[in-house]
Amino acid sequence: MELKSSVVSVQWLNENLNGENLVVLDGTIGKIFDASQKQILNARFFDIKTKFSDTSNPCPSAFPSTEQFQKEARALGINNNSAIVVYDHKGIYSSARVWWMFRAFGFDNIAVLNGGFPAWLKANYPTENMKPYNSGKGNFTAKLQPNFMMFFNDVKQASEKSTHTIIDARSANRFKCIEPEPRSGLRMGTIPNSVNLPYTDLLENGAFKSIEVLDKAFSQLISEKPVVFSCGSGITACVLGLGAHMAGYKNISVYDGSWTEWGSLVKE
């Protein structure tokens, strides 16, 4: 099975659940294994926080090493010829981070479930109790694509020299320093020379709006410069990354540490 789009509908997934090389991942961030919780049939839990993050990094959900990502992906039975569909329990949220990470490690045959688990439930498609993955290991090979992720020094230079358009996915009130940051002890503020596009502006009822709406939102901000997306901790920046990809934009990257890192390292 080769996925033709970066986003698939719940109807499409329901019709293709028995695809020979299909792997369904539950990429809900902050979730822990709980056999009483429901999941899509045969879904495998993609544990962003502990398995697919550099837990030695003070920033939450930090980008893992190539070796770690490959090891954990293989442990989930993912192969080089797998077709992956990832969802989360919010609709479109951390699933975009999973999609972005796989592409950053050279794997493109992956799509996000539009509307996520809420849309699946609304359509009354089958579920089961959460279960651990206990089958064989996969042969997934991670090949880092360095242009997908940017880190502090990259973004500092991009901000100072205005070489990139920096787009912040946080809410307008957080960007304007009207509302405090939800992370305890983190100061309010913005990366200099950045602009704001709340990730929620791309969504309606937990699913992406039309390609035309996405294109209009990005075209008002994106010029000929490369783009780097930021947010609070590198999660919803990937929603913007996915939306921009859907609208046909190239030369885009995500600031991994985002405001959590910048606000901690750069004082007012």
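See the structure printed just above.
We now turn to the structure provided with this report. (Residues numbered from 1 in each chain as written. Predicted model: local features only at pLDDT ≥ 70, side-chain atom pairs only at ≥ 80, totals over all residues. Heavy atoms only, no water.)

### Some thoughts on the overall build of the protein chain
Across its full length, the protein chain holds nine helices and 14 strands. The long-range fraction of contacts in the protein chain, counting pairs at least 24 apart against all pairs at least 6 apart in sequence, stands at 75%. For the protein chain, the accessible area works out to roughly 12,400 Å², and carbon and sulfur atoms hold 47% of it. For the protein chain, the separation between the mean place of its 27 positive charges and that of its 25 negative charges on side chains is 2 Å. (Helix = DSSP H or I, 4+ residues; strand = E, 2+ residues; numbered from the N terminus. Contact = heavy atoms within 4.5 Å. Areas by Shrake-Rupley, 256 points an atom, 1.4 Å probe, with all protein chains shown as cover. Lys, Arg positive; Asp, Glu negative; His and termini not counted. Charge placed at Lys NZ, Arg CZ, Asp CG, Glu CD.)

### Considering the pairing of strand E14 (residues 252-255)
As a general feature of sheets, a regular strand has side chains that alternate between the two faces. Along E14, one buried face is formed by Ile252 and Val254 and the opposite face, lined by Ser253 and Tyr255, is buried too. Looking at chain direction, strand E8 (residues 149-150) and E14 are connected through two bridges and run parallel. Paired with Met150 across the two strands is Tyr255, which belongs to E14. For the crossover from strand E13 (residues 227-230) across helix H8 (residues 237-246) to E14, the handedness is right-handed. (Buried < 20%, exposed > 50% of the residue type's maximum accessible area, 1.4 Å probe, protein only. Pairing = 2+ DSSP bridges. Right-handed = clockwise from strand over helix to strand, strands pointing away.)

### Let's talk about the side chain of Ser6
Position of Ser6 among the secondary structure elements: in the segment before strand E1 (7-8). Reaching out from Ser6, the side chain makes a polar contact with the side chain of His245 at a distance of 3.1 Å. Residues in contact with Ser6, not counting those within four places in the same chain, are Trp99, Ile110, Ala111, Val112, Leu242 and His245. (Polar contact = N/O pair within 3.5 Å; in protein donor to acceptor, adjacent residues only side chain to side chain.)

### Details of the sheet that holds strand E2 (residues 22-26)
The strand order across the open sheet built from five strands is E1-E6-E5-E2-E4, with neighbouring strands paired in parallel fashion. What marks the edges here is a single partner per strand, and that holds for E1 and strand E4 (44-45). The pairing of E2 with strand E5 (residues 83-87) spans five bridges and is parallel. Bridge pairing in E5 places Val23 opposite Ile84. Against the sheet, helix H3 (residues 94-104) touches E2, E5 and strand E6 (110-113), its axis set at about 175° to E6. (Axes fitted to C-alpha atoms, helices over the stretch in contact; angles between N-to-C directions.)

### Re the packing of aromatic side chains
Applying the stated criterion across every chain, the model contains 20 aromatic pairs. Among the aromatic residues, those joined into a cluster by ring pairs are Phe46, Phe52, Phe63, Phe69, Phe102, Phe105, Phe107, Phe140 and Phe151. (Phe/Tyr/Trp six-rings, centres within 6.5 Å; stacked < 30°, edge-to-face > 60°.)

### Here we look at the nonpolar core
The biggest cluster of nonpolar side chains holds 55 residues, and the ones touching the most others in it are Leu25, Phe46, Phe102 and Phe229. The biggest single contributor to this core is H3, with seven residues. Apart from the residues lying within four places of it in its own chain, the contact partners of Phe102 are Leu25, Phe46, Phe69, Ile78, Ile84, Phe107, Ile110 and Phe140. If you look at the next biggest cluster of nonpolar residues, it comprises 16 residues, including Val10, Leu13, Ala111 and Phe117. (Core = buried A, V, L, I, M, F, W, Y, C linked by side-chain atoms within 4.5 Å.)

### Quick word on the pattern of salt bridges
Under the definition given, this model contains eight salt bridges. Where Asp256 meets Arg97, a salt bridge forms, and the shortest distance between an N and an O atom there is 2.7 Å. With Asp256 in the loop between E14 and helix H9 (258-265) and Arg97 in helix H3, the pair connects residues that are 159 residues apart, well separated along the chain. In this pair, the class of Asp256 matches that of Arg97, namely buried. The residue Arg174 makes a salt bridge to Glu181 at a minimum N-O spacing of 2.6 Å. A relative accessible area of 8% means that Glu181 is categorised as buried. Salt bridges sharing common partners tie together Asp168, Arg170, Arg174 and Glu181. (Salt bridge = Lys/Arg side-chain N within 4 Å of Asp/Glu carboxyl O.)

### A few points about the sheet that holds strand E9 (residues 165-168)
Strand order in the open sheet formed by five strands is E8-E14-E13-E9-E10, with parallel pairing between adjacent strands. Of all the strands in the sheet, just E8 and strand E10 (194-196) have a single pairing partner and so form its edges. Pairing of E13 with E14 involves three bridges; the strand directions are parallel. Considered in E14, the bridge of Val228 is made with Ser253.

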